[in-house]
Amino acid sequence: SSPAAADATWKWAGMRACKLAEEMGPADLAVSAAAFARAERRDMRPLFLLAEAAIAKRIDFGMEEASRMLEAYSMLRVRNEPLFEALGARLAHLAEERG
């Protein structure tokens, strides 16, 4: 597949992520962010909306989903302080619960 076709596919994926972000659960949000990271796609609109949805649903995140989401944003060097604060606090809370 050509670079133009790949770019078009990622643009489509980004639009779908934007449309579905509010409906996604933590696992889907984390997988979507990780897919953008693996493809080295810094598409800010979908990444912003995925982050907003994750912040709103932070209480539902487990350790794996929170870690995966934060790793994706870190790999892409996307600074979203509210996301890192929300999921960082969630990870700290989960670690405390584990003892």
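Numbers given to residues run from 1 along each chain, matching the order in which its sequence is written. A pLDDT threshold of at least 70 governs which residues receive local features in this predicted model, and a stricter bar of 80 or more applies before side-chain atom pairs are shown or counted, although totals over entire chains, interfaces and linings include all residues. The side-chain quantities take in all heavy atoms of the structure and omit both hydrogens and water.

*Asks:* Can you tell me about the pattern of salt bridges, naming the residues and giving the values?
*Replies:* When a carboxyl oxygen of Asp or Glu lies within 4 Å of a side-chain nitrogen of Lys or Arg, that pair is called a salt bridge. The final tally for this structure, using the stated rule, is four salt bridges. Of the charged contacts, one joins Lys-11 and Asp-7 as a salt bridge, the two residues approaching to 3.4 Å between their closest N and O atoms. Here Lys-11 and its partner Asp-7 are both found in helix H1 (residues 3–20), four residues apart, which amounts to about one turn of the helix. Burial classes: relative accessible area under 20% of the type maximum marks a residue as buried, over 50% as exposed, and values in between as partly exposed (1.4 Å probe, protein chains only). Lys-11 gets classed as exposed once you look at its relative accessible area, which sits at 51%. Classification of Asp-7 by relative accessible area gives partly exposed; the value is 27%. With a closest N to O distance of 2.8 Å, Asp-7 and Arg-41 form a salt bridge. Separated by 34 residues along the polypeptide, Asp-7 in helix H1 and Arg-41 in the loop between helix H2 (26–38) and helix H3 (44–56) bring together distant segments of the chain. Numbering of helices and strands starts at the N terminus; helices are DSSP runs of H or I of at least 4 residues and strands are runs of E of at least 2.

*Asks:* Lay out the nonpolar core in plain terms, naming residues and giving numbers.
*Replies:* Throughout this description, the term nonpolar core refers to a set of buried Ala, Val, Leu, Ile, Met, Phe, Trp, Tyr and Cys residues connected via side-chain atoms within 4.5 Å. In terms of nonpolar packing, the biggest core is built from 25 residues, with Leu-29, Leu-50, Phe-61, Met-69, Tyr-73, Leu-83 and Leu-87 touching the most fellow members. Secondary structure elements with two or more residues in this core: H2, H3, helix H4 (63–75) and helix H5 (81–98). Examining the composition of this core, we find that six residues originate from one element, H3, more than from any other. The contact rule is simple, with two residues in contact once any of their heavy atoms fall within 4.5 Å. Not counting residues up to four positions away in its chain, the partners in contact with Phe-61 are Pro-26, Leu-29, Ala-54, Ala-66, Met-69, Leu-87, Arg-90 and Leu-94.

The quantities given are spatial measurements derived from coordinates; they are silent on function.
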